[in-house]
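Here is how the chains run, residue by residue.
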Amino acid sequence: MAKYEIMLLVDGSLDDKAVKSAITDLIKTIDKSKDFKLTDLGLKDMAYQINGQSKAWYLQYNFDCEIPANIAEFRRLALINKAVLRHLIINLEKDYGYRAINNPKKVKVSETKAKKFKERQARFKLEREAKEKAQSELAEIQKETV
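On a predicted model such as this, the values are computed, not experimentally measured, just so you know. (Residues numbered from 1 in each chain as written. Predicted model: local features only at pLDDT ≥ 70, side-chain atom pairs only at ≥ 80, totals over all residues. Heavy atoms only, no water.)

Observations regarding the sheet that holds strand S2 (residues 34-50)
At step 1: In space, the four strands of this open sheet follow the order S2-S3-S1-S4, with antiparallel pairing throughout. The open sheet has two edge strands, S2 and strand S4 (84-91), and neither has a second partner. Adjacent strand axes in the sheet meet at a mean angle of 15° when their direction is disregarded.
At step 2: Pairing of strand S1 (residues 2-11) with S4 involves seven bridges; the strand directions are antiparallel. Residue Ile6 lies in a different strand from S4, and its bridge partner there is Ile89.
At step 3: Against the sheet, helix H3 (residues 68-80) touches S1, strand S3 (53-65) and S4, its axis set at about 165° to S4. (Pairing = 2+ DSSP bridges. Helix = DSSP H or I, 4+ residues; strand = E, 2+ residues; numbered from the N terminus. Axes fitted to C-alpha atoms, helices over the stretch in contact; angles between N-to-C directions. Contact = heavy atoms within 4.5 Å.)

Dropping the structure here:
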């Protein structure tokens with residue numbers, strides 16, 4: 001069973017009741033899932049305008065889903081619904097969640113990146129020390145000549 005998180009941005013010109021009525025079809029496709037949790041984050045200003053709107057209602061859904069067709073249906077309905085400005089669907093187990101830290105491929109990639117980062121930091125440190133040493137020697141030579 002996969003864990004999902006969905007973030008919706010709904011038209012900010014609608015009032016609270018209109019928002020709930022506008023997304024009832026969307027919720028019906030996923031509320032049959034286990035551990036369904038809806039978090040209303042409220043009306044907020046957006047970083048940039050979308051479809052001429054500068055404010056949007058932010059809604060977040062967290063749930064477990066066994067049927068991928070429900071997610072596909074949700075995506076289809078979100079694209080059709082004019083009140084929904086944007087939506088983002090994240091499979092937490094594949095992208096950021098439990099499996100990501102236990103997936104051997106992803107663990108190996110992150111360990112390789114960490115190793116390269118440490119090597120790069122060590123190389124930069126040596127280069128910086130060599131540069132400082134050269135500058136101090138140059139400063140001493142300039143003092144002697146003056």
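Here the narrative resumes, following the displayed structure.
Remarks on unusual backbone geometry
At step 1: Here Asn51, not a glycine, exhibits a phi torsion of approximately 55°, which is positive.
At step 2: Here Asn51 is to be found in the loop between S2 and S3.

Brief notes about the nonpolar core
At step 1: Among the nonpolar cores identified, the biggest contains 22 residues, and Leu8, Ile23, Tyr61 and Phe74 are the most heavily contacted of them.
At step 2: Those elements giving two or more residues to this core turn out to be S1, helix H2 (24-30), S3, H3 and S4.
At step 3: Of all hydrophobic cores here, the second largest spans six residues; its members include Met46, Ile50, Tyr58 and Leu85. (Core = buried A, V, L, I, M, F, W, Y, C linked by side-chain atoms within 4.5 Å. Buried < 20%, exposed > 50% of the residue type's maximum accessible area, 1.4 Å probe, protein only.)

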